[in-house]
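Overview (structure and organization)
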Amino acid sequence: MSATRHEEKAIRRDLAAAYQLVALDGMDDGISTHISARLPGERFLLNPFGLRFEEIRAESLVTVDAEGKVLDDPMGLGINPAGFTIHSATHAARPEVACVLHTHTVAGVAISCLEEGLLPLNQWALQFHDRLGYHDYESIALDLDERRRLAADLGNHSAMILRQHGLLSCGRSVGEAFLRMRDLERSCQAQLAAQATGRPLRLASNEMAEKVARQYEAWADSPQGTERAWQAERRRLPEH
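The sections below set out a description of the structure shown in this document. Note that the coordinates shown come from a computational prediction; the quantities given were computed from them, not determined experimentally.

On a plain count of helices and strands, the protein chain comes out with eight helices and eight strands. Taken against the 2.2 N^0.38 rule, which gives 18 Å for 240 residues, the C-alpha radius of gyration of the protein chain at 17 Å falls within 12% of a compact globule. Taken along the three principal axes of its C-alpha coordinates, the protein chain extends 55 × 40 × 30 Å. Looking at the protein chain as a whole, 49% of its 240 residues qualify as buried. In the protein chain, of all internal contacts separated by at least 6 residues, the share reaching a separation of at least 24 is 67%. For the protein chain, the exposed surface amounts to about 11700 Å²; the carbon and sulfur share of it is 52%. Here the protein chain carries 27 positive and 34 negative side-chain charges, and the mean point of each set is 5 Å from the other.

Let us look at the nonpolar core. One finds Ile35, Leu118, Phe178 and Trp230 to be the most contacted residues of the largest nonpolar core, which totals 37 residues. For this core, the secondary structure elements donating two or more residues are helix H1 (3-24), strand S1 (34-39), strand S5 (99-103), helix H3 (106-112), strand S7 (159-162) and helix H6 (174-196). No other element matches H1, which puts eight residues into this core. Apart from the residues within four sequence positions on either side, Ile35 is in contact with Leu15, Ala18, Tyr19, Val22, Leu45, Leu46, Asn47, His87, Cys99, Val100 and Leu101.

Here the focus is the environment of Ala110. Its place among the elements puts Ala110 in helix H3. Taking relative accessible area as the criterion, Ala110 reaches 25% and is therefore assigned partly exposed. A C-alpha to C-alpha distance of 36 Å links Ala110 and Asp72, two positions 38 residues apart in sequence.

Tracing the backbone shows Gln127 in the loop between helix H4 (123-126) and strand S6 (133-135). Residue classification places Gln127 among the buried residues on the basis of a relative accessible area of 12%. Apart from residues no more than four positions distant in its own chain, Gln127 is found in contact with Asp183, Ala213 and Tyr216.

Moving on, we get to the pairing of strand S8 (residues 166-171). Taking burial as the measure, the six residues of S8 include six buried ones, the bulk of the element. Turn length for the S7-S8 hairpin, with the two strands adjacent in sequence and antiparallel, is three residues, and the turn residue Gln164 shows positive phi of about 55°.

For a regular strand, side-chain orientation follows a simple rule: the groups alternate between the two sheet faces. Of the two faces of S7, the one lined by Ala159 and Ile161 and the one lined by Met160 and Leu162 are each fully buried. When S6 meets S7, the two strands line up parallel, connected through three bridges. The residue bridging Tyr134 from the neighbouring strand is Ile161, located in S7. As defined by bridge partners, S7 adjoins S8 across four bridges and the pair is classed as antiparallel. What sits directly across from Leu162, in S8, is Gly166.

Bringing the packing of aromatic side chains into the picture now. Scanning the model with the defined rule gives two aromatic pairs in all. Consider the rings of Tyr19 and Phe53, whose centres lie 4.7 Å apart with planes at 85°: the pair is edge-to-face. Residue Tyr19 is located in helix H1, and its partner Phe53 is located in the loop between strand S2 (43-46) and strand S3 (62-65); the two are separated by 34 residues in the primary sequence. Phe53 carries the same exposure label as Tyr19, and that label is buried. Ring geometry for Phe178 against Trp230: centres 5.7 Å apart, planes inclined by 55°, an arrangement best described as tilted.

Position of Ala159 among the secondary structure elements: in strand S7. Separated by 43 residues in the primary sequence, Ala159 and Glu116 have C-alpha atoms spaced 16 Å apart. Residues in contact with Ala159, not counting those within four places in the same chain, are Phe128, Arg131, Leu132, Gly133, Leu154, Leu168, Ser169, Arg180 and Leu184.

Conventions we followed
Residues numbered from 1 in each chain as written. Predicted model: local features only at pLDDT ≥ 70, side-chain atom pairs only at ≥ 80, totals over all residues. Heavy atoms only, no water. Helix = DSSP H or I, 4+ residues; strand = E, 2+ residues; numbered from the N terminus. Rg over C-alpha atoms; globule rule 2.2 N^0.38 Å. Buried < 20%, exposed > 50% of the residue type's maximum accessible area, 1.4 Å probe, protein only. Contact = heavy atoms within 4.5 Å. Areas by Shrake-Rupley, 256 points an atom, 1.4 Å probe, with all protein chains shown as cover. Lys, Arg positive; Asp, Glu negative; His and termini not counted. Charge placed at Lys NZ, Arg CZ, Asp CG, Glu CD. Core = buried A, V, L, I, M, F, W, Y, C linked by side-chain atoms within 4.5 Å. Pairing = 2+ DSSP bridges. Phe/Tyr/Trp six-rings, centres within 6.5 Å; stacked < 30°, edge-to-face > 60°.

Purely geometric numbers; function is a separate question.
So this is what it looks like as structure tokens:
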């Protein structure tokens, strides 16, 4: 098997695992939302539009080109047009990004509806200090012109809150994007739980938030970081 074919097989397996883990963790939304992965040759993998996330396997993923043309569709279900808009915007603007993950969780949508957005309240949230974009809602993402604004609002960040819509994360690997999204989701859940008490909130200082964010970055770049954590997550799934 050539290096390229071997690489594509590994990406497909990782992406299918991410879909199933998102479902397992309750971050899915029926057949809506999406996770994409970049393949060699400016091709991308997306979910077939009609399968629930727990149903997705490596062999069922749809391959599209940079313009959204379907190159391979094993299930014959096509893709979600809104998914292509959001994901193609990120992949085109950020060539170092290998995976983009988008969710509509209750906690994520709730935080996206708050004017203050995500607050520096807990360790999960501190990693996003000055590293989180915000994009104003423009209706269901079917207008391809929105891509340039999505890309501009994301900037060089690896996560973004889509106002009144949901959450987005990206990573240099599927595992990195998944782990980042789960931390963003937990940050939202923890904030809502703290706010629900009605008690005064203790926010971290800018200095502390920056220190912790840099610690997270160093961990992600270390051999003991993302890959080890991602393989541990994959072991939550059946062997196949």
